[in-house]
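Listed here are the chains, written in short residue letters.
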Amino acid sequence: MALVVTGLPRGMDEPQGMPAPPGTAQAERAPEGPGTGTRERGSKTVTMQRSVPTTVSVPSLGLSSPLEKLGRDSSGAMRTPRDTDLAGWYEPGPAPGEQGPAVIAGHVTWDGEPSVFFRLGELRAGDGVLVERADGSTAEFTVTRVEQYPKDAFPTVEVYRNLDHAGLRLITCGGAYSREDSRYADNVVVYAELTGSGGP
């Protein structure tokens, strides 16, 4: 599904409406260490050891961004990146490559200008997403689908639910922009699965 933006409004884009449910912090207990620690399920790489992600790249979009670390705000919702030109990794959840749904969020526009995830909705199933990690490895993901949801119907369980493999969700805003509320109506979510790894 294409990202729908009604012009380039002046104001902020916040991936709101994405509360982090209990249990998404299970990966915080996973060991940090070098190496990929991968195992195979058919032809698909399933997991890697936990390592902090440093950069996300989407070759088909010409996109590459260092990653901020994102936590929760006082209401329990995932914070958005402070630097509007950078994407951010939701640190309480799994790291990209680790078993479970790793989450990376970014703004679509800011002050009337395209931001880091402006073209995210152009992704299609089969496109690749690369995440470089602090241990020198690269987690290689393949997009499985792209969805757009109203903010008041954000699929929290679908995005954050436990997985038996390493998944990735890239999240930004989309849909119509309300100048009165300074927000977009929808969220765009890209779903991807780990299909390879490189590095040490």
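Residues numbered from 1 in each chain as written. Predicted model: local features only at pLDDT ≥ 70, side-chain atom pairs only at ≥ 80, totals over all residues. Heavy atoms only, no water.

**Q** A description of the sheet that holds strand β3 (residues 53–58) should follow, citing residues and the corresponding values.
**A** As summarised here, the arrangement of the 8 strands in space is β3-β4-β5-β6-β11-β12-β10-β9, forming a closed barrel in which the pairing is mixed. Between one strand axis and the next, the sheet turns through 35° on average, direction left out of account. Looking at chain direction, strand β4 (residues 63–70) and strand β5 (residues 87–90) are connected through 4 bridges and run parallel. If you follow Glu-68 over to β5, its bridge partner there is Gly-88. (Pairing = 2+ DSSP bridges. Helix = DSSP H or I, 4+ residues; strand = E, 2+ residues; numbered from the N terminus. Axes fitted to C-alpha atoms, helices over the stretch in contact; angles between N-to-C directions.)

**Q** Tell me about the nonpolar core, residues and numbers included.
**A** Judged by nonpolar contacts, the single largest core of 28 residues is most densely connected at Ile-104, Leu-123, Leu-168 and Leu-170. Contributions of two or more residues to this core are made by β3, β4, β5, β6 (100–105), β9 (128–133), β10 (138–150), β11 (166–178) and β12 (183–198). Those residues in contact with Ile-104 that sit more than four places away from it in its chain are Val-56, Leu-67, Ala-87, Gly-88, Trp-89, Pro-96, Phe-117, Val-131, Leu-168, Arg-169, Leu-170 and Ile-171. Within the second largest apolar cluster, 12 residues are counted, among which are Tyr-90, Tyr-149, Phe-154 and Tyr-191. (Core = buried A, V, L, I, M, F, W, Y, C linked by side-chain atoms within 4.5 Å. Buried < 20%, exposed > 50% of the residue type's maximum accessible area, 1.4 Å probe, protein only. Contact = heavy atoms within 4.5 Å.)

**Q** Summarise the packing of aromatic side chains; cite the residues concerned and give the values.
**A** Taken as a whole and judged by the stated rule, the model has 2 aromatic pairs. Ring centres of Tyr-90 and Tyr-160 lie 6.2 Å apart, and the angle between their planes is 70°; on these two criteria the pair is classed as edge-to-face. Residue Tyr-90 is located in strand β5, and its partner Tyr-160 is located in helix α1 (residues 156–160); the two are separated by 70 residues in the primary sequence. Judged by centre distance (4.9 Å) and plane angle (65°), the rings of Tyr-177 and Tyr-184 are edge-to-face. Both residues of the pair, Tyr-177 and Tyr-184, count as buried. Taking NZ or CZ as reference, Arg-145 lies 3.8 Å from the ring centre of Tyr-191, over its face. (Phe/Tyr/Trp six-rings, centres within 6.5 Å; stacked < 30°, edge-to-face > 60°. Lys NZ or Arg CZ within 6 Å of the ring centre and 35° of its normal.)

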